[in-house]
Amino acid sequence: MAGSGPIEELASINAYLSEAEGNVLEAIDGGLLLDRTVFYARGGGQPGDVGVIRWDGGAVEVLDTIRREGRPFHVVAEGAELPHPGTPVQGVIDWARRYRTMKTHTALHALSGVIFRDFGAKVTGGNMEPGVARMDFELEGISVEFGQQVQRKLNEELTKGYPTEIIYMARQEALKDPDLIRTKVNLIPEWVEEIRVIDIVGLDRQADGGTHVASTLEVGEVRVVKTESKGKANKRMRIELAQS
Ligand SMILES: [Zn+2]
């Protein structure tokens, strides 16, 4: 019976899937819940997927995917015609947008790895859109030259083709990992017993629910487009993917 089990969230298992079959669990004005979805629900600084959900006799555009009561919720226009619960559907994401987001997300993790390794600074915040992102660091100072230096180092690392791997760690184990401590794994709610970790093997490692490319080579070239001070020991860097 639909609705009795947990929702299968394919994006966290295989980031490269662009479409998947599922069944409608709930249809309410403005949104759909599916028992199986390829859409990534907004979280961890990564935007939610957009795309389309099709069924025999209809289709609806997905404007955003958010998390509601812990479940991925496909946001659609109010008043849109929706399939009934139990209807088999096919979800298709805007793959070009998602793939750019994956490259951007991996670039941000690589950036935080480089800044920590070479300058000892931790991340204080960040956000991304497909192709552009910002990240804040615990740095005393920042300059255009520093931005250029970081850009050089970052691109040098990306072209080395580090693989990215998804690993799952028991909470107690994760709390002892120095890389995860530096990226504040302790802030993850206590009820989460198994921590999902994105390991850019040899460069960066952090707890993360997002979607990433399989190798840093896929990111392509990244530009540091802006550096700015957001206060004492809080400096912001904006990056963008060189390829559109
Ligand atoms: Zn992340």
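Remember, predicted model here, so these are calculated numbers, not experimental data.

Quick notes on the rules
- Residues numbered from 1 in each chain as written.
- Predicted model: local features only at pLDDT ≥ 70, side-chain atom pairs only at ≥ 80, totals over all residues.
- Heavy atoms only, no water.
- Donors = N, O, S within 2.8 Å, 3.2 Å for Na, K, Ca; no water.
- Buried < 20%, exposed > 50% of the residue type's maximum accessible area, 1.4 Å probe, protein only.
- Helix = DSSP H or I, 4+ residues; strand = E, 2+ residues; numbered from the N terminus.
- Expected span 1.5 Å × (residues − 1).
- Polar contact = N/O pair within 3.5 Å; in protein donor to acceptor, adjacent residues only side chain to side chain.
- Contact = heavy atoms within 4.5 Å.
- Pairing = 2+ DSSP bridges.
- Axes fitted to C-alpha atoms, helices over the stretch in contact; angles between N-to-C directions.

**Overview of the coordination of the zinc ion**
Thinking step 1. Coordination of the zinc ion by the protein involves H105 (NE2), H109 (NE2) and D208 (OD), with metal-donor separations of 1.9 to 2.1 Å.
Thinking step 2. Residue class for H109 comes out buried when judged on its relative accessible area of 3%.
Thinking step 3. For D208, a relative accessible area of 11% puts it in the buried group.

**Brief notes about helix α1 (residues 95-119)**
Thinking step 1. In this model α1 runs 35 Å from its N-terminal to its C-terminal C-alpha over 25 residues, within 8% of the 36 Å that 1.5 Å per residue would give.
Thinking step 2. Put simply, D94 is the residue that caps the front of α1, since its side-chain oxygen is 3.4 Å from the backbone nitrogen of A96.
Thinking step 3. G120 sits one or two residues past α1 and shows a positive phi near 65 degrees.

**Quick look at the side chain of S112**
Thinking step 1. Note on placement: S112 falls in helix α1.
Thinking step 2. Looking at S112, the relative accessible area reads 1%, which means it is buried.
Thinking step 3. Dropping the residues within four chain positions of it, S112 is found in contact with V123, M135, F137, R182, D204 and Q206.

**Examining the pairing of strand β15 (residues 222-229)**
Thinking step 1. One ladder, built from seven bridges, connects β15 with strand β16 (residues 235-241); its direction is antiparallel. Residue V224 lies in a different strand from β16, and its bridge partner there is I239.
Thinking step 2. Hairpin connection of β15 to β16: five residues between the antiparallel strands, including G231 at a positive phi of 125 degrees.

**Let's talk about the sheet that holds strand β11 (residues 132-137)**
Thinking step 1. Across the sheet, which stays open at both edges, the four strands sit in the order β10-β11-β16-β15 with antiparallel pairing between neighbours. In this open sheet, the two strands that pair with only one neighbour each are β10 (123-129) and β15. The sheet shows a mean angle of 15 degrees between the axes of neighbouring strands, direction not considered.
Thinking step 2. Contacting β15 and β16, helix α2 (residues 144-158) crosses the sheet at an angle of about 145 degrees to β15.

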